[in-house]
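# Observations on chain architecture
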Amino acid sequence: MRIAIIGAGIAGLSAALTLRESGIAAVVYDKGRGPGGRTVSKRTDWGSIDLGAQYFTARDRSFRSEVAQWEAADVVAPWSVNPWVLPERQPASAQSRLVAKPRMSALARHLAKDLDLHCGVQISEMSRELGGWVLRERHGEVLGEYDAVLVTAPAPQAQSLLAEPCPALATQVGTARMQPCWAVGLILEHALELDFSAGFPSSGPLGWVARSGSRPDRPHWPETWILHATAAWSEANLEWPAEQVASYLTEAFCDLVHRRVEVTASIAHRWRFARARQSLGSEQGYLVSEDVLCAGDWVTDGRVEGAWLSGRAAAQALIRKAQGSAAPDA
Ligand SMILES: Cc1cc2nc3c(=O)[nH]c(=O)nc-3n(C[C@H](O)[C@H](O)[C@H](O)COP(=O)(O)OP(=O)(O)OC[C@H]3O[C@@H](n4cnc5c(N)ncnc54)[C@H](O)[C@@H]3O)c2cc1C
């Protein structure tokens, strides 16, 4: 069975690995420069900064056993942090928070290492032709024919890809809502010596702040902070220039911590589709219409763990189909 997976985020990688465990090879395409999607880190002259997913949790039993393997491979470690709700200085919910090391993107790199992965390839068209599903990249080049395609792009991107070839599935995808996030990496001249390393501001434009060096295997110097704007602020100011966002959120950070900061450099990144505001909460874990499937965090619960479980569930459906035991439900 020839299978193509669109997207090498956690969902796409989990699907490709699950298929491979059953002896089924899949080709994975991603438009990014490397795998990881929203778990990527930005390389800068001062080191890598995790501007996307900050940490992940492992609640599901099967995901916990997968994470144990990642820990054994020394790719993932617990982040012993006690975030505060700010400015109240109340402890946020206690839970085990895990991070990849030495940067978040290391997890995707680890998962992708033996896969047939093609990065820098944006799929712009899917069409059903005589020999199967034909994928075309954005310059029109045909990438091959496949018996099944798994789409793991964020919901709005999956929806536009599917609108023409699979309108009913596209409509279903369109019920998921995603929200943006402006993220800023702040490299400081001097250490702030604050008595907390991460926090959830309870009001204002910021929704999350964290000191990068508090995570395992990150340099402590220069002191670097990651700031995430709230979804509401990001949505209202989505089209601001990056420099303006960086300076506005830096000011908000100064107000939050009651310090002036001397900034060596700042870098702002806009995630148009950062988190699922309304994920589909699908118990099945994936969507399907004949031989086209969708997986991703927005199908399940909007988190790294949900993305991994969703990709795995979609792959298991494909394995059942390949084995002819039970076709996925239409
Ligand atoms: C700022 C931010 C903070 C977050 N914080 C947390 C957190 O603390 N904890 C947590 O659990 N989760 C967090 N998340 C969410 C988490 O990152 C996601 O749930 C998870 O990474 C989603 O994985 P995915 O594989 O479903 O999607 P993605 O990671 O989005 O992967 C989809 C991939 O598809 C590719 N793609 C899209 N369209 C095409 C196309 N046409 N052709 C080829 N490739 C395509 C993209 O390049 C991308 O690599 C955060 C996300 C953001 C952005």
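To keep things clear, this report deals only with the structure shown in the data block. Keep in mind that this is a model prediction, so the values were computed, not measured. (Residues numbered from 1 in each chain as written. Predicted model: local features only at pLDDT ≥ 70, side-chain atom pairs only at ≥ 80, totals over all residues. Heavy atoms only, no water.)

## Concerning empty space enclosed by the protein
Heads up, the condition is: Both cavities and pockets are sets of points on a 1 Å grid over the protein atoms alone; in a cavity a 1.4 Å probe fits but cannot get out, in a pocket the set is open with protein on both sides within 12 Å along at least five of seven lines, and lining residues sit with an atom within 4 Å of a point. Grid points are joined across faces, edges and corners, and a volume is the space filled by probe spheres set on the points. Helix and strand definitions follow DSSP, with helices as H or I runs of at least four residues and strands as E runs of at least two, each counted in order from the N terminus. The nonpolar class holds Ala, Val, Leu, Ile, Met, Phe, Trp, Tyr, Cys and Pro. Asp, Glu, Lys and Arg form the charged class, and all remaining residues, Gly among them, are polar.
Per the counting criterion, the structure on display carries 2 cavities of 30 Å³ or more. Taken as a whole, the largest cavity holds about 90 Å³ of empty space. Here the lining of the largest cavity takes 3 residues from strand β4 (residues 47-49), the largest share from any one element. In terms of residue class, the lining of the largest cavity is built from 6 nonpolar, 6 polar and 1 charged. Roughly 40 Å³ of internal volume is contained in the second largest cavity. Residue lining of the second largest cavity: Ile10, Thr39, Phe56, Ala100, Met104, Leu107 and Val304, and that is the complete set. Broken down by class, the residue content of the lining of the second largest cavity amounts to 6 nonpolar, 1 polar and no charged.

## Thoughts on the nonpolar core
Which entries qualify depends on this criterion: Residues enter a nonpolar core if they are buried and are Ala, Val, Leu, Ile, Met, Phe, Trp, Tyr or Cys, with the set joined through side-chain atoms within 4.5 Å. Relative accessibility thresholds used throughout: buried, under 20% of the residue-type maximum; exposed, over 50%; partly exposed, between the two (1.4 Å probe, protein chains only). Note that domain bounds follow an automatic or database assignment of domains. Should any heavy atoms of two residues lie within 4.5 Å, those residues are considered in contact.
Membership of the largest hydrophobic core comes to 50 residues, with the highest contact counts inside it found for Ile5, Leu19, Phe56, Trp70 and Leu107. For this core, the domains that each give at least three residues are domain 1 (3-31 + 120-176 + 279-323) and domain 2 (49-105 + 177-278). Setting aside residues up to four positions removed in sequence, Trp70 forms contacts with Phe56, Phe63, Val75, Val76, Leu107, His110, Leu111 and Trp308. The next biggest cluster of nonpolar side chains, apart from the first, holds 30 residues, and it includes Val151, Ala153, Ala158 and Leu287.

## Concerning the pairing of strand β13 (residues 148-151)
Note the cut-off: DSSP-based pairing: two strands are paired if at least 2 bridges between them are found.
Residues Ala148 and Leu150 line one face of β13 and the alternating positions Val149 and Val151 line the opposite face, and both faces are buried. Two strands pair when backbone bridges link them, and strand β1 (residues 3-6) and β13 are joined in this way by 4 bridges, in the parallel orientation. Paired with Ile3 across the bridge in β13 is Ala148.

## Side note on the site of the ligand
Here is the rule: We call a residue near a given molecule or strand whenever any one of its heavy atoms falls within 4 Å of it. By the criterion applied in these results, polar contacts are pairs of N or O atoms within 3.5 Å in which, for protein atoms, one can donate a hydrogen and the other can accept it, and in which residues neighboring in sequence qualify only through two side-chain atoms. Only the protein chains shown count as cover for residues, with accessible areas throughout obtained via the Shrake-Rupley method and a probe of 1.4 Å.
Within the structure, the ligand sits among 36 residues, and Asp30, Arg38, Tyr55, Ile123 and Asp297 are positioned closest to it. Measuring from an oxygen atom of the ligand, one finds a backbone N or O atom of Ile10 at 3.1 Å. Within the backbone of Gly37, one N or O atom sits 3.5 Å away from an oxygen atom of the ligand. Relative to its unbound accessible area of 1000 Å², the ligand is 94% covered by the protein chains. Those elements that place two or more of their residues in the shell around the ligand are α1 (10-21), β2 (26-30), β18 (263-278) and α8 (304-323). At 3 residues, β18 tops the list of elements feeding residues into the shell around the ligand. In terms of residue class, the shell around the ligand is built from 16 nonpolar, 14 polar and 6 charged.

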